[in-house]
Amino acid sequence: MKDISCKLLVIGAGPGGYVCAIRAGQLGIDTVIVEAKKPGGTCLNVGCIPSKALIHAAEEYDRIVHLASGRNGLGIRTAKPEIDLSQTIAWKDTIVGRLNTGVSSLLKRAKVKVVNGHARFRDGKTVEVETETGRQVIRAENVVIATGSAPVELPNLPFGGSVISSTEALSLTEIPERLAVVGGGYIGLELGTAFAKMGAKVTVVEAQARILPQYDAELTRPVLKKLQALGIEVMTRAKAKGLAKAGGTLLVETESGSEVSLAADRILVTVGRRPVTQGWGMEELVLDMDGPFIRIDERCQTSMRGIYAIGDVTGEPMLAHRAMAQGEMVAEIVAGHRRVWDKRAIPAVCFTDPEIVAVGLTPEEAQKMGEVRIGHFPFSANGRAMTKLGEEGFVRVVARADNHLVLGIHAVGQGVSELSAAFGLALEMGARIEDIAGTIHSHPTQGEAFQEAALKTLGRELHI
Ligand code: FAD
Ligand code: NAD
């Protein structure tokens with residue numbers, strides 16, 4: 001097979017890698033991308049997209065179950081619904097398939113050469129790819145490592161049999177009667193909630209003192225309330241110890257040190273993700289590390305000239321939109337543009353019920369920097385939220401007391417993920433409280449709670 005030479009080689013076609021390659025192609029850079037599996041990476045194939053499809057199906061089902069109960073107050077009556085998970089999964093797969101094709105078409109349109117196979121560094125400028133038709137050698141002036149992340153496996157609870165990761169959970173064709181979820185973080189709660197809505201008896205085992213420890217307690221309280229309403233048992237300060245010999249039972253060590261046996265048909269382990277730094281010849285390079293991650297500077301450059309790293313392999317937050325933003329920036333740097341990572345905030349959204357959005361500093365973080373103003377507006381005082389039976393939750397604005405610069409915006413509530421764009425824009429534009437308070441927000445929308453929270457920090461709230 002003839003060797004390929006190019007200006008830019010991207011390893012991994014997840015959100016970081018494929019966006020980098022598309023932008024590079026648009027800029028006229030001679031670009032090659034190598035992908036071992038399917039275009040779109042974790043996010044498109046076994047992460048963001050399939051999980052949100054499953055969450056949506058579960059929400060729809062739960063909504064109809066609720067309506068069928070006749071206790072909905074809306075005057076709607078319907079027959080008891082049924083869910084066929086194998087059909088739901090088939091529907092999810094069609095969405096994934098359409099997006100796989102979409103990414104491939106975008107790469108083609110940008111004139112990016114796609115090589116299917118597993119890449120391995122021979123040296124800092126040369127990579128070998130095992131393809132279906134043989135070994136392909138690629139030489140490149142610049143290389144971007146975008147190899148992503150994989151689920152963390154617990155040594156005492158290895159994946160296999162009834163112990164599954166998010167990847168298997170997103171392809172189950174039968175709803176487990178009893179599901180134990182180890183780890184009450186993003187994935188455990190997003191998927192745990194979805195399975196509970198579809199009828200599974202779910203127990204969450206979380207090592208920390210509370211669920212979603214990455215968010216402040218005020219934001220997670222409504223989520224905990226809903227978990228309880230769904231009949232999900234939450235064990236905190238509890239650690240999974242392993243499977244009982246007889247099988248079908250998870251042994252959990254509780255806070256007091258006692259051992260509890262949890263009968264479970266499936267055990268979903270979601271205790272974080274680890275960077276993929278093995279299996280592609282990192283030992284042939286001399287890369288500085290930042291713990292388990294590849295160390296990068298504000299241009300995503302590694303310690304080796306001409307080698308960049310982006311996305312999950314470079315550390316927290318392991319989010320698709322961070323990977324994409326890094327990918328776009330690196331493509332422009334390779335094209336000679338003057339770019340540097342100058343983002344003020346990376347929004348985080350947790351697609352639980354209700355959803356959580358966090359952009360910028362929490363009140364506690366902001367208070368460490370000086371005096372702050374905090375405005376809080378509950379959805380129970382928002383007309384649109386009432387009409388959607390979504391009164392639980394609030395929007396919270398944190399700003400500097402002296403010049404009113406907004407430092408953080410948070411929300412918990414039904415459908416608030418869609419407010420993350422407005423929150424992110426406000427922070428990125430350096431908004432003052434008066435900018436948000438003075439912007440006309442359409443009525444009736446949940447976005448009005450954003451304006452009201454800003455008004456409240458000024459002591460000028462109107463609807464509460
Ligand atoms: P990845 O998406 O992991 O892609 C890396 C790619 O590199 C893979 O396709 C892999 O096959 C390929 N690769 C690796 N090594 C090689 C090699 N040697 N040769 C060739 N190819 C290679 N993030 C959000 O922002 N929002 C969400 O709602 C969200 N939901 C999630 C739900 C789940 C269940 C999971 C697991 C993750 C979720 N994430 C979410 C996280 C998100 O998926 C990741 O942050 C994102 O995919 C990281 O992108 P990446 O490009 O760095 O790596
Ligand atoms: P996570 O870090 O969100 O949560 C892991 C949880 O497991 C933590 O609460 C931790 O305290 C707990 N834990 C760790 N070891 C444990 C043990 N032995 N027993 C019990 N609990 C234990 O990790 P995740 O849910 O696996 O998700 C991985 C990453 O994927 C996230 O950090 C995030 O970056 C990304 N993700 C994002 C989204 C989103 O943006 N909506 C959704 C899913 C995943």
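None of the values given here were measured: they were computed from a predicted structure.

Peer 1: Mind showing me how you'd approach the overall build of the protein chain here?
Peer 2: What the protein chain contains, in helices and strands, is 13 helices and 24 strands. The C-alpha radius of gyration of the protein chain comes to 24 Å, within 12% of the 23 Å expected for a compact globule of 464 residues. Dimensions of the protein chain along its principal axes, counting C-alpha atoms only, are 70 × 65 × 45 Å. A separation of at least 24 residues holds for 63% of the contacts in the protein chain among residues at least 6 apart in sequence. When the accessible surface of the protein chain is split by element, carbon and sulfur atoms take 51% of a total near 21800 Å². Considering the protein chain, the positive charge centre built from 52 side chains and the negative charge centre built from 53 side chains are found 3 Å apart.

Peer 1: Would you take a moment to explain the UniProt feature "domain: Pyridine nucleotide-disulphide oxidoreductase dimerisation" (unreviewed entry) in the protein chain for this structure?
Peer 2: The positions UniProt marks with the feature "domain: Pyridine nucleotide-disulphide oxidoreductase dimerisation" (unreviewed entry) are residues 346–454. Annotation note: span residues 346–454, helix share 28%, strand share 29%, distance between end C-alpha atoms 21 Å.

Peer 1: Before we go on, may I ask you to explain the layout of surface pockets in this structure?
Peer 2: With a probe scaled to a water molecule rolled over the atoms, the places where space remains empty come into view. Reported here for the second largest pocket is a volume of approximately 1200 Å³. For the second largest pocket, the lining is made up of 34 residues, of which R63, K197, K226, D353 and Q414 are closest to its centre. Looking at the lining of the second largest pocket, the elements with two or more residues in it are α3 (48–68) and α7 (217–229). Element by element, the count of residues in the lining of the second largest pocket is highest for α3, at eleven residues. Residue composition of the lining of the second largest pocket, grouped by class: 13 nonpolar, nine polar and twelve charged. Taken domain by domain, the makeup of the lining of the second largest pocket includes at least three residues from each of domain 2 (163–271) and domain 3 (348–457).

Peer 1: Looking at this structure, I do not really get the state of the cysteines. What am I missing?
Peer 2: Covalently bonding the sulfur atom of one cysteine to the sulfur atom of another cysteine gives a disulfide. Scanning the model with the defined rule gives one disulfide in all. In this model, C43 is linked to C48 through a disulfide, with the two sulfur atoms separated by 2.4 Å. Where C43 bonds to C48 through sulfur, the torsion about that S-S bond is close to -130°, and the disulfide is left-handed. Classification of C48 as partly exposed rests on a relative accessible area of 29%. Free cysteine C20: the closest other cysteine sulfur is in C300, separated by 9.1 Å. Its relative accessible area of 0% is what places C20 among the buried residues.

Peer 1: Hey, could you run me through the UniProt feature "domain: FAD/NAD(P)-binding" (unreviewed entry) in the protein chain in this one?
Peer 2: Sequence positions flagged by UniProt for "domain: FAD/NAD(P)-binding" (unreviewed entry) are, in local numbering, residues 7–327. For the annotated span residues 7–327, helix accounts for 31% and strand for 26% of the residues, and the straight-line distance between the end C-alpha atoms is 16 Å.

Peer 1: In this structure, what is going on with the sheet that holds strand β11 (residues 233–235)? I would like to understand it.
Peer 2: Pairing between sheet strands relies on hydrogen bonds along the backbone, with the strands arranged either parallel or antiparallel. The parallel open sheet is built from five strands, whose spatial order is β8-β15-β9-β10-β11. In this open sheet, the two edge strands, each paired with only one partner strand, are β8 (163–164) and β11. Note that strand β10 (residues 201–205) and β11 share three bridges and pair parallel. Bridging from a neighbouring strand, V204 pairs with V234 of β11. Sheet strands touched by helix α6 (residues 186–197): β9 (178–182), β10 and β15 (266–269). Its angle to β10, the strand with the most contacts, is close to 165°.

Peer 1: When you look at the pairing of strand β4 (residues 118–123) in this model, what are you seeing that I'm missing?
Peer 2: If a strand is regular, its side chains alternate between the two faces of the sheet. Bridging between β4 and strand β5 (residues 126–131) involves five bridges; their strand directions are antiparallel. In the strand pairing of β5, F121 is matched with V127. Connecting β4 to the next strand, β5, in antiparallel fashion are two residues.

About the thresholds
- Residues numbered from 1 in each chain as written.
- Chains lettered and ligands numbered in written order.
- Predicted model: local features only at pLDDT ≥ 70, side-chain atom pairs only at ≥ 80, totals over all residues.
- Heavy atoms only, no water.
- Helix = DSSP H or I, 4+ residues; strand = E, 2+ residues; numbered from the N terminus.
- Rg over C-alpha atoms; globule rule 2.2 N^0.38 Å.
- Contact = heavy atoms within 4.5 Å.
- Areas by Shrake-Rupley, 256 points an atom, 1.4 Å probe, with all protein chains shown as cover.
- Lys, Arg positive; Asp, Glu negative; His and termini not counted.
- Charge placed at Lys NZ, Arg CZ, Asp CG, Glu CD.
- UniProt positions renumbered as here; feature names shortened; annotations may be inferred.
- 1 Å grid on protein atoms, 1.4 Å probe; cavity = no way out; pocket = protein on both sides within 12 Å on 5 of 7 lines; lining within 4 Å.
- Points joined across faces, edges and corners; volume = space filled by probe spheres on them.
- Nonpolar A, V, L, I, M, F, W, Y, C, P; charged D, E, K, R; others polar.
- Domains from an automatic or database assignment.
- Disulfide = S-S within 2.5 Å.
- Buried < 20%, exposed > 50% of the residue type's maximum accessible area, 1.4 Å probe, protein only.
- Pairing = 2+ DSSP bridges.
- Axes fitted to C-alpha atoms, helices over the stretch in contact; angles between N-to-C directions.

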